[in-house]
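Breakdown of the fold
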Amino acid sequence: MALRRSIYKTPAQLRAMVEPGLITARALAAVRELIAPGITTLELDAEASRIITAAGAKSNFQMVRGYRHTICTSVDEQVVHGIPGDRVLRAGDILSVDAGAEYQGWNGDSAFTIVLPDPSRPEVVAAREELSRVTEGSLWAGIAALATARRLNEVGAAIQDYVDAQGEYGILADYVGHGIGRKMHESPSVFNYRVSDPGPEVRPGLVLAIEPMVVAGDPATFIEEDDWTVSTVDGSAGSHWEHSVAVHDGGIWVLTAPDGGAAGLAAFGIEPQPIG
């Protein structure tokens, strides 16, 4: 009978996950610098590929069967898994970018959302920026909950509570976060909403990719004809934020944030601790 790999990493394994997280963060930062009306999503993909390759790492997205790109680029009603191509970004677009890197056999995974300025449509831009703010805030609420949680699904409850308190938004139910380590997608599942099962114990060695996906309207989605892109049925805008986070003996550390998550966690009174 095959042995099941533990969901908990050793201290040495946690240390090995720091660099792929930082490479992922650098790739996303480089992409963010290029985002402007007139650029194509494929050009953004090329920049992420350049950064990851230059670091001696590999795109873990390209290791997913059937996917050829380094990042996912989801625009407007596309929430996640959008494929880079010849689409030209326009003023007022809301864009989510998701990327991951594998370095020396360990993985990082992260995503952000940005709204391109459009002075001619201030109300649209403001609503989309608020959607992104709510989604990012829920991510940090979930990460903060992880710092004190006894069971994993306290994270999903914190995410849902944060979103529900902000207004009428929908949380995608069919797409959730995950464990991360030797593979980009590992157990356990990380729900973005409250569930009855308390989930596994939160203790040192747990590493998670927490990634709320929130929409401005009905959370019902469908997969487009490319067999990847997840879009809202009602055409409402979507937002996706993600970080890879490690629990260790000293606390938590956000592997895909250069500051370990200090800026995002400050509002929750949590101070991340570097992995020793």
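Right above here is the structure, for reference.
Report on the accompanying structure.

The subject of this paragraph is the overall build of the protein chain. Secondary structure assignment for the protein chain yields 6 helices and 15 strands. Here the C-alpha coordinates of the protein chain stretch approximately 55 × 40 × 40 Å along the principal axes. Counting across all 276 residues of the protein chain, residues that qualify as buried make up 55%. Pairs at least 24 apart in sequence give 68% of the contacts found in the protein chain among residues at least 6 apart. With the model as given, the accessible surface of the protein chain reaches about 12300 Å², and the carbon-plus-sulfur share is 52%.

A separate point is the environment of glutamate 130. Within the fold, glutamate 130 resides in helix α4 (residues 122-148). Among the residues examined, glutamate 130 registers a relative accessible area of 29% and is labelled partly exposed. Here the alpha-carbon distance between glutamate 130 and alanine 216, two residues 86 residues apart in the chain, equals 9.5 Å.

Let us look at the pattern of salt bridges. Counting across every chain of the model gives 10 salt bridges. The salt bridge partner of glutamate 186 is lysine 9, with a shortest N-O separation of 2.8 Å. Of this pair, glutamate 186 sits in strand β8 (residues 186-190) while lysine 9 sits in the segment before α1 (11-16), and the two are 177 residues apart along the sequence. One salt bridge in this structure joins arginine 133 and glutamate 130, with 2.7 Å as the shortest N-O distance. Residue arginine 133 and its partner glutamate 130 are both found in helix α4; the two are separated by 3 residues, about one turn of the helix. Residue classification places arginine 133 among the partly exposed residues on the basis of a relative accessible area of 36%.

Sheet architecture is open: 5 strands sit in the order β8-β7-β9-β14-β15, paired in antiparallel fashion. At either end of the open sheet lies a strand with only one pairing partner, and these are β8 and β15 (251-254). Mean inter-strand twist for the sheet, computed between neighbouring axes without regard to direction, equals 25°. Across 2 bridges, the pairing between strand β7 (residues 177-179) and strand β9 (residues 207-210) is antiparallel. Paired with glycine 179 across the strands is leucine 208, a residue of β9. Packed on one face of the sheet, α4 meets β9, β14 (243-248) and β15 and runs near 10° to β14.

Pairing within the open sheet is antiparallel, and its 3 strands lie in the order β6-β10-β13. Either end of the sheet is taken by a strand with one partner, and the two such strands are β6 (170-171) and β13 (238-240). As paired elements, β6 and strand β10 (residues 213-215) share 2 bridges and run antiparallel to each other. The residue of β10 that forms the bridge with glycine 170 is valine 215.

Here we take up unusual backbone geometry. A cis geometry characterises the amide bond from serine 187 onward to proline 188, with omega recorded as 5°. At aspartate 76, a residue that is not glycine, the phi angle is positive and equals roughly 60°. Locating aspartate 76 in the fold gives a position in the loop between β2 (71-75) and β3 (78-80). Relative accessible area serves as the criterion here: at 9%, aspartate 76 is assigned to the buried category. Positive phi outside glycine occurs at glutamine 104, with the angle close to 50°. Within the element layout of this structure, glutamine 104 appears in the loop between β4 (94-103) and β5 (106-115). Of the residues examined, glutamine 104 reaches a relative accessible area of 63% and is grouped as exposed.

What follows concerns the pairing of β15. Here β14 runs beside β15; their pairing, made up of 4 bridges, is antiparallel. Considered in β15, the bridge of valine 247 is made with isoleucine 252. Connecting β14 to the antiparallel partner β15 that follows it, the hairpin turn spans 2 residues.

Rules used throughout
- Residues numbered from 1 in each chain as written.
- Predicted model: local features only at pLDDT ≥ 70, side-chain atom pairs only at ≥ 80, totals over all residues.
- Heavy atoms only, no water.
- Helix = DSSP H or I, 4+ residues; strand = E, 2+ residues; numbered from the N terminus.
- Buried < 20%, exposed > 50% of the residue type's maximum accessible area, 1.4 Å probe, protein only.
- Contact = heavy atoms within 4.5 Å.
- Areas by Shrake-Rupley, 256 points an atom, 1.4 Å probe, with all protein chains shown as cover.
- Salt bridge = Lys/Arg side-chain N within 4 Å of Asp/Glu carboxyl O.
- Pairing = 2+ DSSP bridges.
- Axes fitted to C-alpha atoms, helices over the stretch in contact; angles between N-to-C directions.

Spatial relationships are all this shows, so hold off on functional conclusions.
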